[in-house]
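These are the residues of each chain, in order.
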Amino acid sequence: MTGTAHPQTPLSRRSWLARAGAAVGVMTLAACQRGQTISESLRVSAEALTRRSQRLLIPREALAPEYQPSQISPFFKPNGSIDPAASDYVALKDGGFADYRLMIDGLVEQPLSLSLADLRERPARTQITKHDCVEGWTAIGQWTGVRLETLLEEAGLMPEARYIVFHCFDALTQTEEGPRYYESIDLVDAMHPQTILAYDMNGQTLGVPNGAPLRLRVERQLGYKQAKYIRRIEAVDSFEAMPGPRGGYWPDRGYEWYAGI
Ligand SMILES: Nc1nc2c(c(=O)[nH]1)N[C@H]1C(S)=C(S)[C@@H](COP(=O)(O)O)O[C@H]1N2
Ligand SMILES: [Mo]
């Protein structure tokens, strides 16, 4: 483990809110610059507008509803990738994830490489929330993990950082080929108290179908933002720095990047 003792760069609430706000305006322009058709860029600006009005109606910092243990769904449907075939993942899984390291890098002062034991040593948060998939199902589950904000403060975000990218092990084709899943969020969601990297589900070690060894919970957004099988977290300054044009595996295929609920 590295970097626990380095001097932190405190990220003031006002500075990340301002940066997050600036990023929304830049997105529409960036979409046009990437040579999208007019209808595509209109869709992007409509999305930005929805996002802005949503922000006016419900503060982005508001908490998602939390539920009682008695309300936990007896079955939480595993969806999308459920058993990644990538050889690096299979090797880690076969070793019980003992050699797993979460990389945190990009626009940070101090890149981190953390084992699961390192993650479990940090303050934990447990929350019971409702997962909402665009395919039309929901499930209530209990998640335990470390707040993303805790890790980002430890790594020390550089002032240019605007988005956090989650790089995953799996290609949705369940083969070695094909683009790997990824997702991204802005700093408002990154610093949100319910945004955690979960290693336990319903009081047990997170299983492979639901994203072992580590998955994101970003509770104010839809299911496809909840990146499973995370191998690396990267701070970037723009969409151009991401693996695809629209900031996520499904957003690159037409889904909204900001999937607020
Ligand atoms: N790495 C990765 N993350 C992913 C997916 C995926 O296929 N790969 N599917 C997404 C979708 S569409 C949903 S609904 C949820 C499903 O989470 P679950 O398997 O725990 O139900 O994970 C999301 N995160
Ligand atoms: Mo989903």
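Here goes a summary of the coordinates provided. (Residues numbered from 1 in each chain as written. Chains lettered and ligands numbered in written order. Predicted model: local features only at pLDDT ≥ 70, side-chain atom pairs only at ≥ 80, totals over all residues. Heavy atoms only, no water.)

1. Some points on the pattern of salt bridges
- All told, the structure shown has twelve salt bridges when counted by the stated rule.
- In this structure, Arg60 and Asp189 form a salt bridge, with 3.0 Å as the shortest nitrogen-oxygen distance. Of this pair, Arg60 sits in the loop between α2 (38–57) and α3 (87–94) while Asp189 sits in helix α6 (residues 187–191), placing them 129 residues apart in sequence.
- Classification of Arg60 as buried rests on a relative accessible area of 4%.
- Take Asp189: its relative accessible area is 1%, and that puts it in the buried class.
- With a shortest N-O distance of 2.4 Å, Arg125 and Glu66 are connected by a salt bridge. Of this pair, Arg125 sits in strand β3 (residues 124–133) while Glu66 sits in the loop between α2 and α3, and the two are 59 residues apart along the sequence.
- Relative accessible area serves as the criterion here: at 39%, Glu66 is assigned to the partly exposed category.
- Within the structure, one salt-bridge network assembled from shared partners comprises Arg60, Asp186 and Asp189. (Salt bridge = Lys/Arg side-chain N within 4 Å of Asp/Glu carboxyl O. Helix = DSSP H or I, 4+ residues; strand = E, 2+ residues; numbered from the N terminus. Buried < 20%, exposed > 50% of the residue type's maximum accessible area, 1.4 Å probe, protein only.)

2. Things to note about the layout of surface pockets
- Its boundaries defined by the atoms lining it, the largest pocket holds a volume of some 380 Å³.
- As for the largest pocket, its lining consists of 25 residues, and the residues nearest its centre are Asn79, Gly80, Tyr181, Gly223 and Tyr224.
- Class assignment of the residues belonging to the lining of the largest pocket gives a composition of 13 nonpolar, seven polar and five charged. (1 Å grid on protein atoms, 1.4 Å probe; cavity = no way out; pocket = protein on both sides within 12 Å on 5 of 7 lines; lining within 4 Å. Points joined across faces, edges and corners; volume = space filled by probe spheres on them. Nonpolar A, V, L, I, M, F, W, Y, C, P; charged D, E, K, R; others polar.)

3. Comments concerning the pairing of strand β5 (residues 163–171)
- Along β5, nine of the nine residues are buried, which leaves the element largely enclosed by surrounding structure.
- The pairing of β5 with strand β6 (residues 180–186) spans six bridges and is antiparallel. Pairing of Ile164 across the sheet is with Ile185, part of β6. (Pairing = 2+ DSSP bridges.)

4. Regarding the site of ligand 1
- Around ligand 1 there are 22 residues in total, and Lys77, Asn79, Asp170, Asn210 and Lys228 lie nearest to it.
- With respect to ligand 1, the backbone of Lys77 contributes an N or O atom lying 2.5 Å from an oxygen atom.
- Taking Arg215, its side chain carries an N or O atom lying 2.9 Å from an oxygen atom of ligand 1.
- Here ligand 1, which alone exposes 530 Å², has 98% of that area covered by the protein.
- Of all the elements in the fold, those that place two or more residues in the shell around ligand 1 are β3 and β5.
- Broken down by class, the residue content of the shell around ligand 1 amounts to eleven nonpolar, seven polar and four charged. (Near = heavy atom within 4 Å. Polar contact = N/O pair within 3.5 Å; in protein donor to acceptor, adjacent residues only side chain to side chain. Areas by Shrake-Rupley, 256 points an atom, 1.4 Å probe, with all protein chains shown as cover.)

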